[in-house]
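Structural description and commentary
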Amino acid sequence: MALTGIQIMKLLPKKNCKECGFPTCLAFAMKVAAGQAEIDQCPYVDPKVKEEIAEATAPPIRTVVIGTSETPYKLGGETVLFRHEKKFENPPLIGTYLNTSMEDQEITRRIKAYQQLRWERVGNLLKPEVVCVRDEGNGERFITLIKRVREELPELAIVLDSRDIETVKQAIEACGGSIPLVYPGKVENLSSWGQMALEKKVPLVVSANYLGELVPLVEGLTKQGLKDLVLDSGALHPKELFEDLVIIRRAAIKKRFKPFGFPVITFMDRYTGDLSEQYLLASIFVAKYASIILVSDLKAELLFPLLVERFNLYSDPQKPLVVEEGIYPINGPDAFSPVVVTCNFALTYFIVSGEIEGSRVPCWLLVKDTDGLSVLTAWAAGKFNADNIAEFVKRSGIAEKIKHRTLVIPGYVASIKGELEEELGGWEVVIGPREANGLPTALKELAKKLRS
Ligand code: SF4
């Protein structure tokens, strides 16, 4: 049963000391109940009570952690069905396979793909994060492959796919400091695998032939003491998988049905051999509700859109994407290069910086913190007006980097020109274009003028 804020409050030491980062114990209790703070933030709670509260306030989908301590990957931990209710917490890991039957050349190609397929977007790195190493009856090569992954792709999370429990024990050792996810498939001796997972402290995938069959299997393992499980419903058709994943999420969140309160692993190659179709299916399960998605190969043109979709779905809908306030030099500017000021809404920044880059005009881009609001909205909210732009320009240190005193402002806030010149004292404020695509022409002209 979930605890209310008042129930949690009763279990707190009531010192109101603020050490948890909240002004009162009650404020902290409310945040813990809402899942927005961790009970560990209060240093004075009795460890037994702490465990009780942590259990009662844990997300309905358990958070299972794999990977290394430097690069941990959280699976599950979700609290809602829909993104508009609250942010989706932990994006599904996306990756492919290394099989023991693959030629060395193919293994090398796949490892290179992992190393090369990465893109930066709005300050975030988009890349595949998981590899499923598949033992096709060659334990020795299986271990060799794992060692190679650890050496050449140390940041990757590893799924160990083998039916041989002894080989998997060795494979876990070969993972070194990285916690792998063990995938034994549908096995008769699941309790032995459970025992092994308990001893080795690794999470285990529970596979079934159909959804209903999962329940007793999960209950058996949890009775054994296993907490970190990942589900594989065994669906043989994408429609069935879609239904299973929705049922699992709804049952866990709406009914607090414990056997389904775990992350889910999915295998797109189970449904089609066509790689494009696998990525299309993957795009469905990014939204509904996979925690690991495996496809049979990594291809830049298919992977990039999938990673962008995932990035967008797992961003916080209540927080605009922002870039840090500061001076951004573009195209190698010097003391005579134009200075442009804009807001820190990520989309605005990337459009403006993209146009400046494309213009090849060396330029200083000043990005002012507007709490992620776009130019006009920030101006209307009083976060991008003459006063605070002038204060920012003075504090930014741009004056020490340039020999002129000319500042380009967005055309949408042309009305602040006079007041801004007054506030800045000695600067000329130039009204830039309303749309960023007008910047290249405007900057080329201004750059010539500043050097003449
Ligand atoms: S640290 Fe603990 S005792 Fe102090 S205010 Fe927070 S909840 Fe209360």
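Above this text is the structure in question.
No experiment lies behind these values; they were computed from the predicted model shown.

Notes on the overall build of the protein
The number of helices and strands found in the protein is 16 helices and 17 strands. Across the protein, every contact between residues at least 6 apart in sequence was considered, and the portion connecting residues at least 24 apart equals 65%.

Some remarks on the packing of helix α5 (residues 139–152) against helix α6 (residues 165–174)
Each packed pair of helices is defined by two parameters, the angle between the axes and the distance between the axes. Packing of α5 against α6 leaves a shortest axis separation of 9 Å and a crossing angle of 20 degrees. In terms of orientation, α5 lies roughly parallel with respect to α6. In terms of crossing hand, the pair formed by α5 and α6 is right-handed. Contacts between α5 and α6 involve G139, F142, I143, I146, K147 and R150 on the former and, on the latter, T167, Q170, A171 and A174. Residue composition of the contact of α5 with α6, by class: five nonpolar, three polar and two charged.

Regarding the environment of I94
Note on placement: I94 falls in strand β3 (residues 93–99). When the 24 C-beta atoms within 10 Å are taken as the criterion, I94 is described as buried. When the C-alpha positions of I94 and Q36 are compared, they lie 27 Å apart, and in sequence the two are 58 residues distant. In this view, I94 contacts P128, E129, V130, I293, L306 and L307; residues no more than four positions away in its chain are not counted.

Describing the packing of helix α7 (residues 190–200) against helix α8 (residues 211–224)
At a closest axis distance of 10 Å, the pairing of α7 and α8 adopts a crossing angle of 40 degrees. By the angle class used here, α7 and α8 are oblique. Between α7 and α8 the crossing geometry is right-handed. Contacts between α7 and α8 involve L190, S191, G194, Q195 and L198 from the former and L217, G220, L221 and Q224 from the latter. Looking at the contact of α7 with α8, its residues break down into four nonpolar, five polar and no charged.

A look at unusual backbone geometry
Across the chain, the bulk of peptide bonds are trans and the bulk of non-glycine residues have phi less than zero. At N16, a position not held by glycine, the phi torsion is positive, near 50 degrees. For N16, the location among the structural elements is in the loop between α1 (5–11) and α2 (25–33).

Digging into helix α16 (residues 439–451)
Taking 1.5 Å per residue, 13 residues should reach 18 Å; α16 reaches 18 Å between its end C-alpha atoms and fits that length. The complete set of buried residues in α16 reads L439, A442, L443 and L446. Mapping the buried residues of α16 onto a view down its axis gives an arc of 95 degrees, with all of them on the same face. The exposed set on the far side of α16, more than 90 degrees from its buried face, consists of T441, K448 and R451. For α16, the secondary structure elements touched by its buried residues are α12 (346–359), β15 (363–368), β16 (406–409) and β17 (428–431).

Notes on the pairing of strand β14 (residues 339–343)
Counting buried residues in β14 gives five out of five residues, a clear majority hidden from the surface. Of the two faces of β14, the one lined by V339, V341 and C343 and the one lined by V340 and T342 are each fully buried. Pairing analysis gives five bridges linking β14 to β15, with the strands arranged parallel. Within β15, the position partnered with V339 by the bridge is W364. At this point the chain moves from β14, through α12, to the parallel β15, and the crossover so formed is right-handed.

Let's talk about the nonpolar core
Residues V133, I146, I158, V230, A282 and I293 are the most contacted members of the largest nonpolar core, which totals 70 residues. The next biggest cluster of nonpolar side chains, apart from the first, holds 36 residues, and it includes L365, L407, V429 and L439.

A short note on the environment of E355
Mapped onto the secondary structure, E355 falls in helix α12. With 84 residues separating them in the primary sequence, E355 and L439 have C-alpha atoms 6.6 Å apart. Ignoring any residue separated from it by four or fewer positions in sequence, one finds E355 in contact with A436, N437, L439 and P440.

Quick word on the pairing of β15
Of all six residues in β15, five are buried, a share of seventy percent or more. Strand direction decides the pairing type here: strand β13 (residues 326–330) and β15, joined by five bridges, are antiparallel. Bridged to P329 within β15 is W364.

Quick notes on the environment of R163
With respect to the helices, strands and loops of the structure, R163 is situated in the loop between β7 (157–161) and α6. Here R163 falls in the partly exposed class, since 15 other C-beta atoms lie within 10 Å of it. As for R163 and E243, which are separated by 80 residues in sequence, their C-alpha atoms are 28 Å apart. If we skip the residues at most four places from it in the chain, R163 touches P184, G185 and V187.

Rules of the game
- Residues numbered from 1 in each chain as written.
- Predicted model: local features only at pLDDT ≥ 70, side-chain atom pairs only at ≥ 80, totals over all residues.
- Helix = DSSP H or I, 4+ residues; strand = E, 2+ residues; numbered from the N terminus.
- Contact = placed C-beta atoms within 7 Å.
- Axes fitted to C-alpha atoms, helices over the stretch in contact; angles between N-to-C directions.
- Parallel < 35°, antiparallel > 145°, perpendicular 65-115°, else oblique.
- Left-handed = near helix turned anticlockwise from the far one by under 90°.
- Nonpolar A, V, L, I, M, F, W, Y, C, P; charged D, E, K, R; others polar.
- Buried ≥ 20, exposed ≤ 12 C-beta atoms within 10 Å, placed from the backbone.
- Expected span 1.5 Å × (residues − 1).
- Arc of directions from axis to C-beta.
- Pairing = 2+ DSSP bridges.
- Right-handed = clockwise from strand over helix to strand, strands pointing away.
- Core = buried A, V, L, I, M, F, W, Y, C linked by C-beta atoms within 7 Å.

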